[in-house]
Amino acid sequence: MMCRRLCMRMAITNVSNTRLFLLLLQLAHSVVMATALCTQRTANRTGLVTFSALLDIHLPEGAGERSLRCGSFSLSGVQELEAIHYALDKLNGNGQIGPEFIPGIKIGVEAVDTCGLTELATKGAANILQGDYSGGLYCPVEGDIEMSLGILGPPTSGPAVYVAGILNGTNATQIGYSSTIAKLSDKKLYPNFVRTVSSDKAQSRHLVELVRRLEWSYIILVNTDDPYGRDGTEEFKQLAKKFGICVKAQYELPIASNKAAEIIDKIYINELPYARNNTMGAVYFGQLSKAKDLLLAISLKAPRGSDIKRLHWIMSDGVGTEIAEYISSRGLQDTTKGLLTLSIAQQHLSDFKKYLTEKVNRVARGTATALDYAINPWIGDYVSEKLKCDLSKSSVRNHGVYCDTINMQNIADAYSQGDYLTNILDAVYIFAVALKRAHRDKCGTGTTGMCTPLQNIGQQNFLEYVKNTSFSYTDLDSTFVPREFQLFRRHISFDRNGDLVVESSNASYFINNYQNGKFVHVGEVRDNAVHLDLNDVVMYDDHNSELRGATLPPSACKGTCPSCIDQFKPETEFAYIPGDIIITGMFSVHWDTRDHYQCGSYRNYTAGYLSLEAFLFAIEYAREHIHPSIGALLFDDCYSQVRSNYIITNFYNSRTDVLKVQSDGQRIPSDKVAAIVGSLASTVTLSIADILRPLGLPQISYGSTSTYLDSKQRYPYFLRTVPSDDIQTKAMVELIKHLGYNYVSTINTDGDYGRTGVEAFKKYAHQKICIAHSLEVSSSAASTSNVMYQVVDTITKTAQAGIIVFFGDDHKVKQLLEAMKFIDTNTRRVKGKFIIIGSEAWGDDPGVIRGYEDIVRGSFTFKIDTPLNLRSDFEAYVTKKTPNSSNNTPWFREFWQDHFKCNLPNGFDNKVGLPFCDTSKVLRKADVITRDPWVDHAIYSTLAAATGVKAALQELCPSQPNNICSAYFQNPDKVVVNFKQVELSSPGQAKYKPFNVEGNGDIGYKIFNLQQKTPGEIEYSQVFSVSGTGMLTPLGNDPIFYDDIGREQKFTSVCPPNQTECSKCNIYAVMATGGTPMQEERTTRIMLYYVSIPMCSVLFIIVVVYIVYTACKRRKGKKSVDEKANGHLNTAFAASGNIDGSADTVRWPEPPIRPLPDPPIPVDQSEQSSGYMYADDRLKALPEALRLVMLQQNSALRRIHKPDAELGSVFDVESSFSTYAPVSCSSKRDTSFDPGSGSGSSHTCICDSAGLTACRQSSLNSHSDRDSPHTSWNFHSSSPRCGSGISYQTSECPSHTRYCHRHAHRDSSATSPTYSQVVNGMLREMKSPAISPGEHSSGSIADVSSFNNSNSLHNDSPLSAKSFGKDVSWSQKGSSCPVLTPSPSDVPRNYLHFKNPHYTNGHITDNRPVVPSPTKMQIENPSSNSESGETISGTFI
């Protein structure tokens, strides 16, 4: 006894005072707790050296590890003790028959029953360290021992951790054989611990793989509340998350109480209804005792329903196959069938089976020796429990069968090998092999028995022998080892954590399936991989039908499972391609959310997931053709500037720990990032650019067009392959002017893209286009449509402003169209009355307009050019991908499901009502063909980045061009210069330079008109192209507009004279840049106020004098003129009656003369040559008498076209700014004047129900004395009836409208009695007017289409709508007759255009026909020949 105590105390000689104090406190607690325990027995086997075995001969009673009592008998615990004795028998020479494994040294064991209790295990370990077994709990062993080898066990992880903690700081060795908890691998905390099993980290990995093989993606977890259960499930959850397995719920079973029935009820009520088919998989990680409670609770649920088979279990190695005894004894076979368990791989030991069955037979027949009971006092209880028999006829009969009646065959059949038998044998042999090597080293080869150096080796040195043990059983004498260990070449060694190293050829775990009342080995884990044929696995449905292979029950989310989706949203989700040079990509796969940090729903609009795949394609292309060291890092910015800021700042601050490569755990280095591609939204791009500017990193956007990004002072390292919105808005204004419109409304989103777009539009629109409404909506996808409805309702109340200029994202286009459709359904004020001019975010995407075809027809959209075609290569790349492709991004599944409108197996965002995806489905070329230009520009941007990086590295890092050197980051200006000089090319295509000198995209736009091909079918038809400078070029395909039922119609959007907003346009025209329009308008008004006060006083006096003078002068001649004119008129209209149908004589009252108002703001001289001004302003420059006549004849406000010309025409405002209609029912007064020739004329017409019926014409003639400062005016009036010979119908007026002809001068030099003049904006021919030179008469007007190439004039048919659309070029061939040549067919109908024509002798000549403006005609710089009275030159446009 003294020797034993001496040796044991050696183990704690190195314990520090602090450590010893803590140890004593823990031991004191254990002693107090142990006082409540009944005295238990130990099993002792003497030997010269010995080790202690802490075994669970009994299970804890009810309260588990924290119980104070031992409970039911454990068959596996006794079998493990017998395995120790089996090994020691072999090592010690088989009971003196043969030599010992270590000559002269027998090994003994001191076995302690810890009952799975932490208190008993820690007290037992403490007593072992002190060598004191006299505390009343253990019985001492007689005889002395020379050396203690260490402790084997305890088997349960919880107590094993406590024992290992006690041993920390000592030199004692601890070998675990079934304690699998992962934390015991930590050698800093548990340096004395090694084990012959694998860590639970490996087991959790294999359980996850098993779940994946079953294709379960939606499971529940149940664990015990001890370290084994908690740590195992935590490791499982982390791995499950990595592989997309959702843990719907986790339940914890307390070891201290039985809550199994309560938990089972919660699972069936709360979890099963959300699983597909109401079947669900469950994984249990816990102790065997609590697994028994679970199975019993499930069986008790059976009478309440047949759904117990809807829950399918996988259980950890804590349960293994040892639960089979319990299942059989409780009759739970039907409840348990289909159960899958994992167990430590074992080798079937036939020799041990023989050893144990023989001992059982001896005990059963009462022939067991005293030694049999001495080394195992529990063997009798084991035999009685195992064979279900009573040992003695005198004992109480528990089973009704005496053991001596059971034959040997039945005993052999009852044998089952425990799950840890192999491992406990390994532990015994590790002690023996380590001791043998120490004996060899310390005592020398050939020495028998103990030697002093070995006796004094100390625990520390022996621990090192144990840790360094490595052997194969084949290297040992077969006399001393199990035959199967040698047969299967079993090898033993430890890794650096003290865990068993399993040879790749050997299985580490068995997969067991409970079938037909027993566990069947259906698979195994070998070489860290699960080997399992699902056809061998059997499970059952609630009708007890057998399920195998493909019919095995699913465990998946029934619909959308938010709790699972949240599990798989990492702090920062990313995709990574390793490389020495990294290009980072920022793409918007998801929408923004209200908190802006998280990601919302999947974006299935333009610039969506395919743009991200285009980036990956370009990276792969660049690695092959540009630079092999290029890698990539991909982020989803979720269309949020807040999230993009968060990602970038954390990445460069090294705070995002999740940015680690999953394969090796290494963080992705930020100093390898050479450029960033992205993003799409201008708001996001701007936020990234602000962060990157101090870093000097180049950034290339594939879709951000905001004008804010034009500032090279603020964003010197920013580039983009797309043009700035400045170009687009300039082209929009040119488009509107080209169409002849000047009254619009605008809608923009509230981000940088929408706001800057509308600001740029207003800049170019000033003084040319008036804006009725300018409204803003939220750009967030989460915003509701209510605001858009209000915006559309406001705009559509101003019917004259028929154009809506929209600057917003494509998803907002959908909201706009939906709102327009809703408003039209309720008010009928949208279709045929409004068209949209959409920015490039709309493009030509057919999906945007689907369902809104009747709303969008006639509208215009812009699309960015794509000069380099790499689509075929990209399509070939992406069509190879499937959901199972190894190079998929984290977002590919969502793309696949959205594209094919199906649910992939084991997903958590399943859409109710959608089918499961066909596993044979593949992407076809047609599936990925998209009109989305952002796909192309994502490729351009990425290739430009790769090419630019390569060029910069060659210049700045010549010694290491395959890596980024410090000079690259120190010279950002030089890097950007290299980027701007990039040229891209593709075989068979011209080189493309993506950037202009400013770093913006060096390309233009396509403009599409949405034209109706068939009812309900709309086509994007390109009608214009836009250059990189904003120049608009018509392509000959005329825009088409439609009425509310889809018929082609003329469309107008012109500001009426009584519209308040129109007067504001002039204010906007002179605003200084730099402030807001409101501020600038206020400043302008203040300045005008102070300047106008003195000027108004002077002007008032002048006006009063002027009015008095003109009134007196007019009074002399007005009466005779009016009487004469009215006399003619009354005669002409006497028979037709009044305008209202009465028989009264028609009277034509003259309008009162009104003073001329001053213009509110001076007209900018730079705009006069191409703009408009008020007639009142221009008339100030005319002779007084003519001005008064003009005002009388034109009482309403007039506009003079080309006011700086000497010849012009004043039209009624009802004719609109851009449509210069002749006298008509809607424009009853028209005056033309020619101050150069001294003549003019005026028409005043009257309409009845049939249209225009009669006109009054007044002619003006002047007699001017060149030497006199005064000019006198005479004029006369006539009122001929309109003849039918000059009638025609136009597409502008639905009714049959007749027009009066004007007088014509016959030129005396004309060789034929035909005459030409410009009438009503069209070139007309007067056919045979039969008048003398200089006279005025009437004749018929022939359309230009009546001419042909025969140089003759014929066909005096009236003008008609059919004759419109033809244009001719005129040439002079030596005769007075014109030669007419048809112009190209792509000239828009209704208008003739001539460049610098020569108008003389009744003909117009020009050899250069020009492409026309579709709606207006101008006469530029005409000159007058006062001698002939003809206008001889000018320009028609």
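The model shown is predicted, which means the values in this text are computed figures rather than measured ones.

(A) Molecular detail of the overall build of the chain. When its secondary structure is counted, the chain shows 41 helices and 52 strands. Out of the 1437 residues in the chain, the part that is buried amounts to 55%. Of all intrachain contacts in the chain linking residues separated by at least 6 positions in sequence, the fraction that spans at least 24 positions is 69%. Total accessible area on the chain is roughly 60200 Å²; 51% of this is exposed by carbon and sulfur atoms.

(B) Here's a closer look at the pattern of salt bridges. Scanning the model with the defined rule gives 40 salt bridges in all. For Glu234, the salt bridge goes to Lys237, with nearest N and O atoms at 3.6 Å. With Glu234 and Lys237 both in helix 8 (residues 227-242), this residue pair falls 3 residues apart, about one helical turn. A relative accessible area of 26% means that Lys237 is categorised as partly exposed.

(C) Geometry of the confidence of the model for the chain. When pLDDT is averaged across the chain, the result is 74; 67% of the residues are at 70 or more. Ignoring residues within four places in sequence, the model shows residues 1116-1238, a span with pLDDT below 50, making 232 contacts including any to other chains. Within the model, pLDDT remains below 50 along residues 1243-1437, and this stretch shows 400 contacts once partners closer than five positions in the same chain are excluded.

(D) Representation of the state of the cysteines within the structure. Within this structure, the stated rule accounts for 6 disulfides. Across the disulfide, Cys443 is cross-linked to Cys451 (sulfur-sulfur distance 1.8 Å). On the sign convention where negative is left-handed, the bridge of Cys443 and Cys451, at about -80 degrees about the S-S bond, is left-handed. For the pair shown, Cys443 and Cys451 are each scored as buried. At a sulfur-sulfur separation of 1.9 Å, the disulfide partner of Cys902 is Cys917. Between Cys902 and Cys917 the sulfur-sulfur dihedral comes to about 90 degrees; the bridge is accordingly right-handed. Placement of Cys902 in the loop between helix 32 (892-900) and helix 33 (925-928) and of Cys917 in the loop between helix 32 and helix 33 is noted, with a sequence separation of 15 residues between them. Side by side, Cys902 and Cys917 carry an identical accessibility label, which is buried.

(E) Highlighting the sheet that holds strand 6 (residues 147-152). Taken together, the 6 strands give an open sheet; going across it, the order is 1-5-2-6-7-8, and neighbouring strands pair in mixed fashion. In this open sheet, the two edge strands, each paired with only one partner strand, are strand 1 (42-45) and strand 8 (193-195). Averaged over all neighbouring strand pairs, the angle between strand axes comes to 20 degrees, with direction disregarded. The strands that helix 6 (residues 157-167) touches are strand 2 (49-55), strand 6 and strand 7 (174-176); relative to strand 7, the one it contacts most, it runs at about 160 degrees.

(F) Looking closely at the sheet that holds strand 24 (residues 673-677). If you walk across this open sheet you meet the 6 strands as 21-23-22-24-25-26, and the pairing is mixed. On the outer flanks of this sheet lie strand 21 (574-577) and strand 26 (718-720), each paired with one strand and no other. This sheet shows a mean twist of 20 degrees between the axes of neighbouring strands, independent of strand direction. Sheet topology note: the strand 25 (residues 699-701)/strand 26 ladder contains 3 bridges and is parallel. The residue bridging Ser701 from the neighbouring strand is Arg720, located in strand 26.

(G) Geometry of the pairing of strand 33 (residues 1017-1026). Relative to strand 33, strand 32 (residues 1005-1014) is paired through 9 bridges, and the arrangement is antiparallel. Bridge pairing in strand 33 links Gln1011 to Glu1019. What sits between the antiparallel neighbours strand 32 and strand 33 is a turn of 2 residues, in which Gly1016 has the positive phi angle 85 degrees. Where strand 33 meets strand 34 (residues 1032-1034), 3 bridges bridge the pair, whose relative direction is antiparallel.

(H) Summary view of the packing of helix 23 (residues 641-652) against helix 24 (residues 682-695). Direction vectors running N to C along helix 23 and helix 24 enclose 25 degrees, while the axes themselves pass 8 Å from each other. The angle between helix 23 and helix 24 places the two elements in the roughly parallel class. In this structure, the crossing between helix 23 and helix 24 has a hand that is right-handed. Facing helix 23, whose interface residues are Gln641, Ser644, Asn645, Ile648, Thr649 and Tyr652, helix 24 presents Thr683, Val684, Ser687, Ile688, Ile691 and Leu695.

(I) Local environment of helix 25 (residues 725-739). Across its 15 residues, helix 25 extends 21 Å between first and last C-alpha, which sits within 8% of the 21 Å expected from 1.5 Å per residue. Taken together, the buried positions of helix 25 are occupied by Asp725, Asp726, Ile727, Gln728, Thr729, Ala731, Met732, Val733, Leu735, Ile736, His738 and Leu739. Once helix 25 finishes, Gly740 follows within two positions and takes phi at roughly 85 degrees, a positive value.

Basis of the calculations
Residues numbered from 1 in each chain as written. Predicted model: local features only at pLDDT ≥ 70, side-chain atom pairs only at ≥ 80, totals over all residues. Heavy atoms only, no water. Helix = DSSP H or I, 4+ residues; strand = E, 2+ residues; numbered from the N terminus. Buried < 20%, exposed > 50% of the residue type's maximum accessible area, 1.4 Å probe, protein only. Contact = heavy atoms within 4.5 Å. Areas by Shrake-Rupley, 256 points an atom, 1.4 Å probe, with all protein chains shown as cover. Salt bridge = Lys/Arg side-chain N within 4 Å of Asp/Glu carboxyl O. pLDDT = per-residue confidence, 0-100. Disulfide = S-S within 2.5 Å. Pairing = 2+ DSSP bridges. Axes fitted to C-alpha atoms, helices over the stretch in contact; angles between N-to-C directions. Parallel < 35°, antiparallel > 145°, perpendicular 65-115°, else oblique. Left-handed = near helix turned anticlockwise from the far one by under 90°. Expected span 1.5 Å × (residues − 1).

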